[in-house]
Amino acid sequence: MGRTKRPEQPQTPRHPSQGPLDGYLQPQTGTSGDSGSPKMAAPSTSGPALDRIESTLRDLAAAMVTKTDLQANTTAIQETLRTEIAGIRTELATQAGRITVVEEANAALTTRMAATDTAVARQGEMLLSMRRHLEDVDNRGRRCNIRIRGVPETEGSENVIEILMELFRSLLYPTPLPEIEFERAHRALRPRNVEEGPRDLICCLHSFPVKNTIM
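Everything numeric in this text was worked out from a predicted model, so none of it was measured.

The rules we used
- Residues numbered from 1 in each chain as written.
- Predicted model: local features only at pLDDT ≥ 70, side-chain atom pairs only at ≥ 80, totals over all residues.
- Heavy atoms only, no water.
- Core = buried A, V, L, I, M, F, W, Y, C linked by side-chain atoms within 4.5 Å.
- Buried < 20%, exposed > 50% of the residue type's maximum accessible area, 1.4 Å probe, protein only.
- Helix = DSSP H or I, 4+ residues; strand = E, 2+ residues; numbered from the N terminus.
- Contact = heavy atoms within 4.5 Å.
- Phe/Tyr/Trp six-rings, centres within 6.5 Å; stacked < 30°, edge-to-face > 60°.
- Lys NZ or Arg CZ within 6 Å of the ring centre and 35° of its normal.
- Disulfide = S-S within 2.5 Å.
- Salt bridge = Lys/Arg side-chain N within 4 Å of Asp/Glu carboxyl O.

Concerning the nonpolar core
Side chains that are nonpolar tend, in soluble globular proteins, to be buried together. Of all hydrophobic cores here, the largest spans 14 residues; its most connected members are Leu164, Phe168, Ile180, Phe182 and Leu205. At the level of secondary structure, the elements contributing two or more residues to this core comprise β1 (145-148), α5 (160-172), β3 (201-205) and α6 (208-214). Among the elements that line this core, the one with the most residues is α5, at four residues. Setting aside residues no more than four positions away along its own chain, Leu164 makes contact with Ile148, Phe182, Ala185, Leu201 and Cys203.

Here it is in structure tokens:
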């Protein structure tokens, strides 16, 4: 018994210019129930409108971001971040060096200020000591001074030393007058005023014992 051959099925001819999107864009045949309805007529998908749609879809597919583009963008962002971080680290290192210099200068100034304060305090003590010494010298310089009040003033110029020698003789009489050496002798340094009375006579002797004898 021989095998019976199955009748060959008719094959649908393929579209010669079928593209990747033609499966979605081919017109679909309506059902038997819809073929008779004039309101459900299938829209025409051929012509310039279909070409524009395919062109738009291809442009959209070409404009879509790919994995390569994302990797390239990620790499560029990473490189930019590395550059910025390296610059920030360099700037921080520079600022750290400047801060170190400022801190060292501040420490040096603090040390100098402490030394200056010590020197000023020492100079203050020295000035106080010098002031006391000058006062002592001034007082010692005045230990030979004699101030005499109530001696009448004469009109015009007067010889103060002769007036004092005559006064000292009268004070020491009958003791002989010792040898007296004057360093200076003058009236008090103020304007002459009759209402205030005669100005004082002031003299400075060379010998302190002679001053004690007169006093």
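Side note on the packing of aromatic side chains
Two measures describe an aromatic ring pair: the distance that separates the ring centres and the angle between the ring planes. Across all of its chains, the model carries one aromatic pair by this definition. Taking the centre distance of 6.3 Å and the plane angle of 10° together, the rings of Phe168 and Phe182 count as stacked. With Phe168 in helix α5 and Phe182 in strand β2 (residues 182-187), this pair connects stretches of sequence that are 14 residues apart. Judged on exposure class, the residue Phe168 and its partner Phe182 are both buried. Between Arg143 and the ring centre of Phe208, over which it is positioned, the NZ or CZ distance is 3.9 Å.

Examining unusual backbone geometry
Here the amide bond leading from Tyr173 into Pro174 is cis, since omega sits at 5°, within 30 degrees of zero. Position of Pro174 relative to the elements: it lies in the loop between α5 and β2.

Re the state of the cysteines
The term disulfide refers to a covalent linkage connecting the sulfur atoms of a pair of cysteines. Going through the model one piece at a time under the given rule, you end up with zero disulfides. Cys203 takes part in no disulfide bond, and the closest cysteine sulfur to it belongs to Cys204, at a distance of 7.7 Å. We classify Cys203 as buried; its relative accessible area is 1%.

A closer look at the pattern of salt bridges
Side chains bearing opposite charge may pair, as long as their charged atoms lie close to each other. In this structure the tally under the stated criterion is eleven salt bridges. With a closest N to O distance of 2.8 Å, Asp136 and Arg140 form a salt bridge. Of this pair, Asp136 and Arg140 both sit in helix α4 (residues 67-141), four residues apart, which is roughly one turn of the helix. A residue is classified by how much of its surface remains accessible, and Asp136, at 33% relative accessible area, is partly exposed. Overall, Arg140 belongs to the exposed group, its relative accessible area being 55%. In this structure, Arg142 and Asp138 form a salt bridge, with 3.4 Å as the shortest nitrogen-oxygen distance. Several salt bridges share partner residues, and in doing so they unite Arg147, Arg149 and Asp200 into one network.

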